[in-house]
Amino acid sequence: MLDDLPIRKIIHVDMDAFYASVEQLDNPELRGKPIAVGGGGKRGVISAASYEARKFGVKSAMSGRLAEKLCPELIFVKTNFERYKEVSQKIRKIFLNYTDLVEPLSLDEAYLDVTQNKIGMPSASIIAQQIRQRIFENTGLTASAGISINKFVAKIASDYNKPNGQKTVNPEDVLEFLEALDIRKFYGVGKVTAEKMYHKGIFTGKDLKSKSLEYLTENFGRSGGYYYHIVRGIHTSEVKPNRTRKSLAAERTFSENLSSEIFMLEKLEHIAEEVSRRLHKSKVSGKTITLKIKYSDFTLQTRSKTLPYFVSDKAIILETAKDLLYQEKLNNSVRLLGISLSNLNNEATKNKPTEKEKKSVSVQLKFEF
């Protein structure tokens, strides 16, 4: 009866400290040293940190100033996205030797569905080993991998034996693996949600699993259903080679904090122009416009408005962003402004898991992995 359910072997490949590793590869004098890609200058934000720098607590999205306090010997390197794209394309070609079902998440990570693969290999774990070896031979870089029955578990697993390692969560081990997991490790549970769960006595997957669908929906809204299903190993999202873009954005960090809304309007005009350019290039429009404001104390605020029609025109985006800026008084001087469009006209309708799909884990338990 359940033979038509999706049975998948998914690999999540994640390059190790990708931007920093490329810089160390290209510049031998940087090898073995703590480096940060980006983050230089008074207002810089780090894009990536080498493992040597991570030992000091340096990480991506951290201000360069703070990183330098944590690691006085830190070496700042300018970003070189063209080079990172070049290496990423080489890695992508390796993936395509095994399967056409490759879903890139960024330049340095991707999902692969190898249930049916080009080399006829029944073991997803062996395929992952081969891919990691070929990446090293072709680029000199290391990668880590997670292997399991769905994208959610594979992504979590890829973090376990970093750097230069892999972890397989076999079908019969999925439920036990998820129950033992710290709630902070669940992909999709952010810092704020984790704190909220802690206050409600939810510390592990087992704690989460003990809560009813009604309880989770009541306390976590629409995300409650997602948490209810993933802790039971139910995640039916397919690996999509042509991944649907969910939003498009542009933002600017200023060399000096802005206190006057007049000066902010000038900056918003340039940002709106860039967003409009990207929308036209991607041939998409959106209904929901969000203004992102980061204050000088690093607190973040977003203000959104959903229009009754799809837009990509700079003038409409700018006017809406202005309205959002004046919506309420600013809390402080501003270091960053951004505009994003979501609710795009390329988004497919999302369906909830069917009862058959919810039973897919029990079927995969019988599947040789």
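Model, not experiment: these values are computed from the prediction.

**Section: the sheet that holds strand β9 (residues 247-258)**
And then number 1: Strand order in the open sheet formed by 4 strands is β9-β12-β10-β11, with antiparallel pairing between adjacent strands. Taken across any chain shown, the strands that pair with only one partner, and hence form the sheet edges, are β9 and β11 (300-311). Each strand of the sheet is rotated relative to its neighbour by a mean of 15 degrees, with strand direction disregarded.
And then number 2: Where β9 and strand β12 (residues 334-344) come together, 8 bridges link them in antiparallel fashion. Paired with L258 across the two strands is V334, which belongs to β12.
And then number 3: Packing against the sheet, helix α12 (residues 261-282) makes contact with β9, β10 (286-295), β11 and β12, and its axis sits at approximately 155 degrees to β9.
And then number 4: Against the sheet, helix α13 (residues 314-325) contacts β10, β11 and β12, and its axis sits at roughly 140 degrees relative to β11.

**Some thoughts on the packing of aromatic side chains**
And then number 1: Across all of its chains, the model carries 11 aromatic pairs by this definition.
And then number 2: Their ring planes at 10 degrees and their centres at 4.4 Å tell us that Y19 and Y84 sit as a pair that is stacked. Remark: Y84 occurs in helix α4 (residues 81-96) and Y19 occurs in helix α1 (residues 18-26); sequence separation between them is 65 residues.
And then number 3: Pairing F220 with Y227 gives two aromatic rings, centres 5.9 Å apart and planes at 85 degrees, and the pair type is edge-to-face.

The rules behind the values
- Residues numbered from 1 in each chain as written.
- Predicted model: local features only at pLDDT ≥ 70, side-chain atom pairs only at ≥ 80, totals over all residues.
- Heavy atoms only, no water.
- Pairing = 2+ DSSP bridges.
- Helix = DSSP H or I, 4+ residues; strand = E, 2+ residues; numbered from the N terminus.
- Axes fitted to C-alpha atoms, helices over the stretch in contact; angles between N-to-C directions.
- Contact = heavy atoms within 4.5 Å.
- Phe/Tyr/Trp six-rings, centres within 6.5 Å; stacked < 30°, edge-to-face > 60°.

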